[in-house]
Number of protein chains: 2
Amino acid sequence: MIQIMSSLFQYFKNFNSLSKEAEEAIAGISNTMCIKKNKDLQPIGYTCKTIYFVNKGVARIYYHKDAIDITEGFYFENNIIARVESLFTGKPSRKAIQILEEAEIVAIDAIALFKLYDKFPEIERLFRKIFEAGHVDTVNRIEGIQFHSAEERYKALLNEANDVLKKVPLKYVASYLGITQVSLSRIRALQ
Amino acid sequence: MIQIMSSLFQYFKNFNSLSKEAEEAIAGISNTMCIKKNKDLQPIGYTCKTIYFVNKGVARIYYHKDAIDITEGFYFENNIIARVESLFTGKPSRKAIQILEEAEIVAIDAIALFKLYDKFPEIERLFRKIFEAGHVDTVNRIEGIQFHSAEERYKALLNEANDVLKKVPLKYVASYLGITQVSLSRIRALQ
DNA sequence: GTAATTATTTATCTTATGATAAAAGAATAG
DNA sequence: CTATTCTTTTATCATAAGATAAATAATTAC
């Protein structure tokens, strides 16, 4: 527990350093957990009220479109996961978070966190910056999806996250890339 | 000037109400301007240091990929424009902001704004919420790009922003939809 | 108002990806 | 260890969108 939390605080330092009191306040609204492979951390249909930190393991966000499973994104060690389209709007999420490889997680109560923002502007700033970085990633991803062929996207993913492709079922990678599994298999056969 | 600023403050109220002092502080770092059609408000290659509010008119963010002009997004009356991938990282932007229809704009000095965050947590909160909303839009857009056909995307755009297609050259719409202009023309011929 | 430029459509041909089915390979349960 | 289930690949055919070229239409400049 203590070790996981200190990884989280270390991660925070990349964005905004916190006072001891602020760290303690966050610790007070956080739980650590170990989750087994293939478990859903959060199911579809509920409003996102938790922000997760992946200390160890792999997770993905997915949803269903016409009964087909689609991976929105993969999340690895030392990253925050949240379904922002629900967290920031208060609307139920059509997306779920699933653990793909046994994971060590910190769950931060988002409702309690938002209350801490009033008392600790430094915490509000921290999460503003964390989500700004996520926002930038999302904007950059649009470019990738919109103007590269499936093959280019696959190669780019290989480059930036070779590990992904070793740890994660290819059917999930295919929908992440916006193609069918059959297409991905065809592309892989070319290499 | 006064009228434009009050539209801006009205827009702010959708996210977070400000004290009179906070409004005055923002007014102190803002300029209003009228920009002619086809002018670049911000050129490619410079770091984004201004946040714009479109009071009247239409703008787009665009960039070049392999010497082809690509529209990242359209921005209409009563909206904020910023190249977040530069604003939040401090890196030069590969994107430009262009006015497509004579526009009345408020330009907010972003560097000065970020300094105001220390004195006015309410301003930090306001812009956190504004950009959170932008973040949600971006996440939702990925879904649209990734899992709908060009025809579906075109129809969706017709639905949500019919005006766009009346005011904006179709070549810009095509790249926004992620297709060539010839494809867009073909799709339009089907309707 | 005419010429020049720019935007849009139409046509043809090519290609990447989808849909479907089936085979091969890997993981899991008992 | 074997049977069952799940994942990945291979094959075939259909189709949406790209590339290129040329024709038409609309804007803009003079």
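Note: the structure precedes this text.
Residues numbered from 1 in each chain as written. Chains lettered and ligands numbered in written order. Predicted model: local features only at pLDDT ≥ 70, side-chain atom pairs only at ≥ 80, totals over all residues. Heavy atoms only, no water.

Peer 1: Tell me about the nonpolar core, and name the residues and values.
Peer 2: Among the nonpolar cores identified, the biggest contains 34 residues, and Phe12(A), Ile26(A), Ile51(A), Ile108(A), Leu113(A), Ile123(A) and Phe127(A) are the most heavily contacted of them. Every element with two or more residues in this core is listed here: α1 (2-13), α2 (20-28), β3 (50-65), α3 (84-87), β6 (95-109), α4 (110-119) and α5 (121-147) of chain A together with α5 (121-147) of chain B. Sorting elements by how many residues they give to this core places α1(A) first, with 6 residues. Excluding residues within four positions of it along the chain, Leu113(A) makes contact with Ile26(A), Ile29(A), Ile51(A), Ile108(A), Ile123(A) and Phe127(A). Formed by 33 residues, the second largest nonpolar core is a distinct cluster that contains Leu8(B), Ile26(B), Ala110(B) and Ile130(B). (Core = buried A, V, L, I, M, F, W, Y, C linked by side-chain atoms within 4.5 Å. Buried < 20%, exposed > 50% of the residue type's maximum accessible area, 1.4 Å probe, protein only. Helix = DSSP H or I, 4+ residues; strand = E, 2+ residues; numbered from the N terminus. Contact = heavy atoms within 4.5 Å.)

Peer 1: Explain the protein's contact with DNA strand D to me, and be specific about the residues and the numbers.
Peer 2: Taken together, 18 residues lie around DNA strand D, and Leu170(A), Lys171(A), Ser185(A), Ala150(B) and Ser183(B) are the ones closest in. In the environment of DNA strand D, a phosphate oxygen lies 2.5 Å from a nitrogen or oxygen atom belonging to the side chain of Lys171(A). The backbone of Ala150(B) places a nitrogen or oxygen atom 2.8 Å from a phosphate oxygen of DNA strand D. Every element with two or more residues in the surface near DNA strand D is listed here: α8 (170-177) and α9 (181-190) of chain A together with α9 (181-190) of chain B. (Near = heavy atom within 4 Å. Polar contact = N/O pair within 3.5 Å; in protein donor to acceptor, adjacent residues only side chain to side chain.)

Peer 1: Just give me the short version of the interface of chain B and chain A, but keep the residues and values in it.
Peer 2: Note: interface size is frequently given as the accessible area lost on complex formation between the parts. Each side of the interface is counted separately: chain B has 34 residues, and chain A has 34 residues. For the chain B and chain A pair, buried surface summed over both sides reaches about 3,400 Å², with 61% attributable to carbon and sulfur atoms. Ionic pairing is found between Arg125(A) and Glu124(B), a salt bridge with its closest N-O pair at 3.0 Å. Between chain B and chain A we count 10 residue pairs in polar contact (both at pLDDT 80 or more) in total. (Buried area = accessible area lost by both parts, 1.4 Å probe. Salt bridge = Lys/Arg side-chain N within 4 Å of Asp/Glu carboxyl O.)

Peer 1: Outline the pairing of strand β4 (residues 68-75) of chain B, supporting the account with residue identities and numerical values.
Peer 2: All names here are of chain B. For β4, a buried count of 6 out of 8 residues is recorded, marking the element as mostly surrounded by other parts of the structure. In terms of strand pairing, strand β3 (residues 50-65) meets β4 through 7 bridges, oriented antiparallel. Residue pairing across strands places Ala59 opposite Tyr75, the latter belonging to β4. Here β3 folds back onto β4 in antiparallel fashion, the turn holding 2 residues, of which Asp66 has a positive phi close to 50°. (Pairing = 2+ DSSP bridges.)

Peer 1: Go over the pairing of β6(A), please, and point to the residues and values.
Peer 2: Residues and elements named next belong to chain A. Here β6 lies mainly inside the structure; 11 of its 15 residues are buried. In the sheet, strand β1 (residues 30-35) pairs with β6 via 6 bridges, with the strands oriented antiparallel. By the bridge assignment for β6, Ile35 is matched with Ala103. As judged from the 2 bridges shared by strand β2 (residues 40-42) and β6, these two strands associate in the antiparallel manner. Paired with Asp40 across the strands is Gln98, a residue of β6.

Peer 1: Give a detailed account of the packing of helix α6 (residues 150-160) of chain B against α9(B), specifying residues and quantitative values.
Peer 2: Two packed helices can be described by the angle between their axes and the distance between those axes. All names here are of chain B. Interhelical geometry of α6 versus α9 gives an angle of 70° and a closest axis separation of 10 Å. It follows from the interaxial angle that α6 and α9 lie roughly perpendicular. Every residue of α9 that contacts α6 at Ala150, Glu151 and Tyr154 is listed here: Leu184, Ile187, Arg188 and Leu190. In terms of residue class, the contact of α6 with α9 is built from 5 nonpolar, no polar and 2 charged. (Axes fitted to C-alpha atoms, helices over the stretch in contact; angles between N-to-C directions. Parallel < 35°, antiparallel > 145°, perpendicular 65-115°, else oblique. Nonpolar A, V, L, I, M, F, W, Y, C, P; charged D, E, K, R; others polar.)

Peer 1: So what's going on with the protein's contact with DNA strand C? Residues and values would help.
Peer 2: Residues in contact with DNA strand C amount to 17 residues; listed here are only the nearest, Ala150(A), Ser183(A), Arg186(A), Leu170(B) and Lys171(B). When atoms of DNA strand C within 4 Å of the protein are sorted by moiety, sugar and phosphate together comprise 62%. For DNA strand C, a phosphate oxygen lies 2.8 Å from a polar atom in the backbone of Ala150(A). Put simply, the parts of the chain that give the surface near DNA strand C at least two residues each are α9 of chain A together with α8 (170-177) and α9 of chain B. The element best represented in the surface near DNA strand C is α9(B), accounting for 6 residues. Residues of the surface near DNA strand C, tallied by class, amount to 7 nonpolar, 6 polar and 4 charged.

Peer 1: Can you lay out unusual backbone geometry for me, pointing to particular residues and giving the numbers?
Peer 2: Of note, Asp66(A) is a non-glycine position whose phi angle comes to about 50°, a positive value. Position of Asp66(A) relative to the elements: it lies in the loop between β3 and β4 (68-75). When its relative accessible area of 71% is taken as the criterion, Asp66(A) is described as exposed. Of note, the phi angle at Ala67(B) is positive, near 65°, even though the residue is not glycine.

Peer 1: Got a sec to walk through the environment of Glu101(B)? Specific residues and values, please.
Peer 2: All names here are of chain B. Note that Glu101 resides in strand β6 (residues 95-109). Owing to a relative accessible area of 29%, Glu101 belongs among the partly exposed residues under this scheme. Glu101 has contacts with Gly57, Val58 and Lys167, leaving out every residue within four places of it along the chain.

Any link to function would need more than the numbers given here.
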